[in-house]
Amino acid sequence: MPTSPARYSRSLDWVTVLIYLLMVGLGWLSVYAASYSPDAPADPLRNLSFSELMAFNWFKQILWIGTALALIVVLVVIDYKAYDTFAFVLYGGMIVLLIVTMLVARPIAGSRSWLELGPVRLQPAEFAKFTTALAVSRFMASINLRQQNFRDQLVLAGLTLLPPLLILASNETGQALVFGAFLLAYFREGMSPLILLILAAAGMILILALLVPKLWLVGVFTLILGLVLGLNRKALRHHLPLSLSVWAVVIGMVFGVDFFFNNVLQAHQRKRIEVLINPSADPLGVGWNVTQSKIAIGSGGLLGKGFLQGTQTKFDFVPEQSTDFIFCTVGEEWGWVGSTIVIILFMTLLWRILYVAERQKSVFGRTYGYCVASIFFFHFAINVGMTIGLAPVVGIPLPFFSYGGSSLWSFTTLLFILLGIDAYRKQDLER
């Protein structure tokens, strides 16, 4: 426990706290704008009962923000050693919760990922991010990735992959993909950059196989193989088997992408990829959200239409506008200037998280900080990319802006565990 509240308060990173409060405040304004109706009663806080107010997302978001602030108090007073000590316990508890959710949750929009507790719905997949971040940080503090111990890397891969596999089994693809961001944190701790390069190359090959005739790709990759072997004639004997193996794998991926696309992906996932490649493929169906979102952002112009003046927002042209597509509300009502400010806020938050992570003396604290930064970056990049048609619609929220208690609590927990660890580190240095 901290020695005194005043000393502990001095140790807290208030720059990050202020960024957080600013983003949560702007997020609430966006949710209010997205759920605002000109037909709503005047002064609803006076004229409506509590149960009637619960019909409005902006009112429920106030409750989620209030509980998030209470959660912060709990998170920052917990001794940082507890996060280290109980990391695997929290991880194990979350695995059990994900399994229970998968078995008992009723389908909502095709996904069995929501637990209903009376009027409240929680999505355990959101909280699996911080428990996994704690567990992998605890494990990495006990090993040295630079030593390339295969057994340790296998355990680390298992810790990282188990939650997203359970989330995928609940038919929640977007939340599962977020766990891929952990690779960025592992890279900081010594994972070979070759793995990232291989994954990036595999992604590019799969995308090209969907866009370019396959025989053209075979010709290009065969030409590259010939050039590589031709420039290394002296080592041809040693490199030939490996080069031919890589070429065979690449060609297999080129021709296997159709099987994966048609037999592994579900119909709605295939549609989303088709719309990403060709935005006019299904403008009134799967492409509706993205099309209307781009119209909303484009109509905002330089300075936006003004608070509560967005026509795309007011008339509900974007069905998921208060959740996954909240950024288009920002673009329509606050314009290019407002959107840029929001992006700068996210970039500043990411920079500050990395700064806090780098000043940690323990591998546990540093790894956890990088996990937090990686998760925030993934959500920010993909969510904004979704709203402007540069990323597939995978249904993940924009941190601190999208409506919802699960996402707000999850991101708040991720951030303030890091700030709690950092505050105790400062106190230890002062002793």
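Everything below is about the structure shown above.
Structure report, in brief. (Residues numbered from 1 in each chain as written. Predicted model: local features only at pLDDT ≥ 70, side-chain atom pairs only at ≥ 80, totals over all residues. Heavy atoms only, no water.)

Quick look at the layout of surface pockets now. Size it by volume and the largest pocket reaches roughly 2100 Å³. Lining the largest pocket are 48 residues; nearest its centre among them are Leu 177, Gly 180, Gly 203, Leu 206 and Phe 378. At the level of elements, helix H9 (150-169), helix H10 (173-177), helix H11 (182-188), helix H12 (193-211), helix H14 (236-264), helix H15 (267-277) and helix H19 (363-387) are the ones that each hand at least two residues to the lining of the largest pocket. No other element matches H12, which puts eleven residues into the lining of the largest pocket. Residues belonging to the lining of the largest pocket are distributed by class as follows: 41 nonpolar, six polar and one charged. By volume, the second largest pocket is sized at about 1300 Å³. Ala 109, Trp 114, Glu 320, Thr 323 and Asp 324 are the residues nearest the centre of the second largest pocket, which is lined by 46 residues in total. Elements with a minimum of two residues in the lining of the second largest pocket: helix H5 (57-77), strand E2 (120-122), H10, H15, helix H16 (288-299) and helix H20 (405-430). Counted by class, the lining of the second largest pocket contains 17 nonpolar, 20 polar and nine charged residues. (1 Å grid on protein atoms, 1.4 Å probe; cavity = no way out; pocket = protein on both sides within 12 Å on 5 of 7 lines; lining within 4 Å. Points joined across faces, edges and corners; volume = space filled by probe spheres on them. Helix = DSSP H or I, 4+ residues; strand = E, 2+ residues; numbered from the N terminus. Nonpolar A, V, L, I, M, F, W, Y, C, P; charged D, E, K, R; others polar.)

This structure, assessed with the given rule, holds 19 aromatic pairs. Measuring from ring centre to ring centre gives 6.1 Å for Tyr 32 and Tyr 36, while their planes differ by 35°; the resulting arrangement is tilted. For the ring pair Tyr 32 and Trp 58, a centre distance of 5.5 Å and an interplane angle of 65° mean the geometry is edge-to-face. Taken together, the residues Tyr 32 in helix H2 (residues 14-35) and Trp 58 in helix H5 connect sequence positions 26 residues apart. According to the relative accessible area criterion, Tyr 32 is partly exposed, its value standing at 22%. Put simply, the rings of Trp 28, Tyr 32, Tyr 36, Phe 50, Phe 56, Trp 58, Phe 59 and Phe 307 pair up and form one aromatic cluster. (Phe/Tyr/Trp six-rings, centres within 6.5 Å; stacked < 30°, edge-to-face > 60°. Buried < 20%, exposed > 50% of the residue type's maximum accessible area, 1.4 Å probe, protein only.)

Counting 92 residues, the largest nonpolar core has Tyr 20, Tyr 368, Phe 376, Phe 400 and Phe 416 as its most contacted members. For this core, the leading source of residues is helix H18 (residues 326-358), giving 13 residues. Apart from residues lying up to four places away in sequence, Tyr 20 is in contact with Ala 68, Leu 69, Ile 72, Phe 400, Leu 408, Thr 412, Leu 415 and Phe 416. One finds Ile 205, Ala 209, Val 218 and Ile 251 within the second-largest nonpolar core, a separate group that totals nine residues. (Core = buried A, V, L, I, M, F, W, Y, C linked by side-chain atoms within 4.5 Å. Contact = heavy atoms within 4.5 Å.)

So, on to the environment of Ala 68. Locating Ala 68 in the fold gives a position in helix H5. Along the backbone, Ala 68 and Thr 412 are 344 residues apart, and their C-alpha atoms lie at a distance of 6.8 Å. Ignoring anything within four residues of it in the chain, the contact list for Ala 68 reads Tyr 20, Leu 408, Trp 409 and Thr 412.

With respect to the helices and strands, Asp 324 occurs in the loop between helix H17 (311-314) and H18. Excluding its chain neighbours within four sequence positions, the residues that come into contact with Asp 324 are Asn 383, Met 386, Thr 387, Gly 395, Ile 396, Pro 397 and Ser 402.

The next point concerns the pattern of salt bridges. In total, this model carries eleven salt bridges according to the counting rule given. Here Glu 358 ties to Arg 188 by a salt bridge, and the two come within 2.7 Å at their closest N and O atoms. Within this pair, whereas Glu 358 is found in helix H18, its partner Arg 188 is found in helix H11, the two being separated by 170 residues in sequence. Glu 358 gets classed as partly exposed once you look at its relative accessible area, which sits at 37%. Residue Arg 188 is classed as partly exposed on the basis of its relative accessible area of 26%. For Asp 422, the salt bridge is made with Arg 359, and the minimal N-O distance between the two is 2.7 Å. Of this pair, Asp 422 sits in helix H20 while Arg 359 sits in the loop between H18 and H19, and the two are 63 residues apart along the sequence. The exposure classification of Asp 422 matches that of Arg 359, with both residues buried. Here the salt bridges do not stand alone but share partners, grouping Asp 13, Arg 352, Arg 359 and Asp 422 into one network. (Salt bridge = Lys/Arg side-chain N within 4 Å of Asp/Glu carboxyl O.)

Taking 1.5 Å per residue as the helical rise, H5 with its 21 residues ought to reach 30 Å, and the 31 Å between its terminal C-alpha atoms agrees with that figure. Among all positions of H5, only Trp 58, Phe 59, Lys 60, Gln 61, Trp 64, Ile 65, Ala 68, Ile 72, Leu 75 and Val 76 are buried. (Expected span 1.5 Å × (residues − 1).)

As enumerated under the stated definition, the model contains two cavities of 30 Å³ or more in all. Of the volumes computed, that of the largest cavity is approximately 80 Å³. Lining the largest cavity are eleven residues, with Val 275, Leu 276, Val 290, Gly 389 and Ala 391 positioned closest to its centre. Put simply, the parts of the chain that give the lining of the largest cavity at least two residues each are H15 and H16. For the lining of the largest cavity, the leading source of residues is H15, giving three residues. Its residues placed into classes, the lining of the largest cavity shows eight nonpolar, one polar and two charged.

One non-glycine residue with positive phi stands out, namely Leu 308, at about 70°. Residue class for Leu 308 comes out buried when judged on its relative accessible area of 16%.

The subject of this paragraph is the side chain of Glu 333. By the secondary structure assignment, Glu 333 is in helix H18. At 2.9 Å, the side chain of Glu 333 and the backbone nitrogen of Leu 308 are in polar contact. (Polar contact = N/O pair within 3.5 Å; in protein donor to acceptor, adjacent residues only side chain to side chain.)

A few words now on the packing of H16 against H18. At a minimum axis distance of 6 Å, the contact between H16 and H18 shows a crossing angle of 30°. When the interaxial angle is binned, H16 and H18 end up roughly parallel. Judged by the twist between their axes, the crossing of H16 over H18 is left-handed. Here Ser 293, Ala 296, Ile 297 and Ser 299 of H16 come into contact with H18, specifically with Phe 327, Cys 328, Gly 331 and Glu 332. (Axes fitted to C-alpha atoms, helices over the stretch in contact; angles between N-to-C directions. Parallel < 35°, antiparallel > 145°, perpendicular 65-115°, else oblique. Left-handed = near helix turned anticlockwise from the far one by under 90°.)

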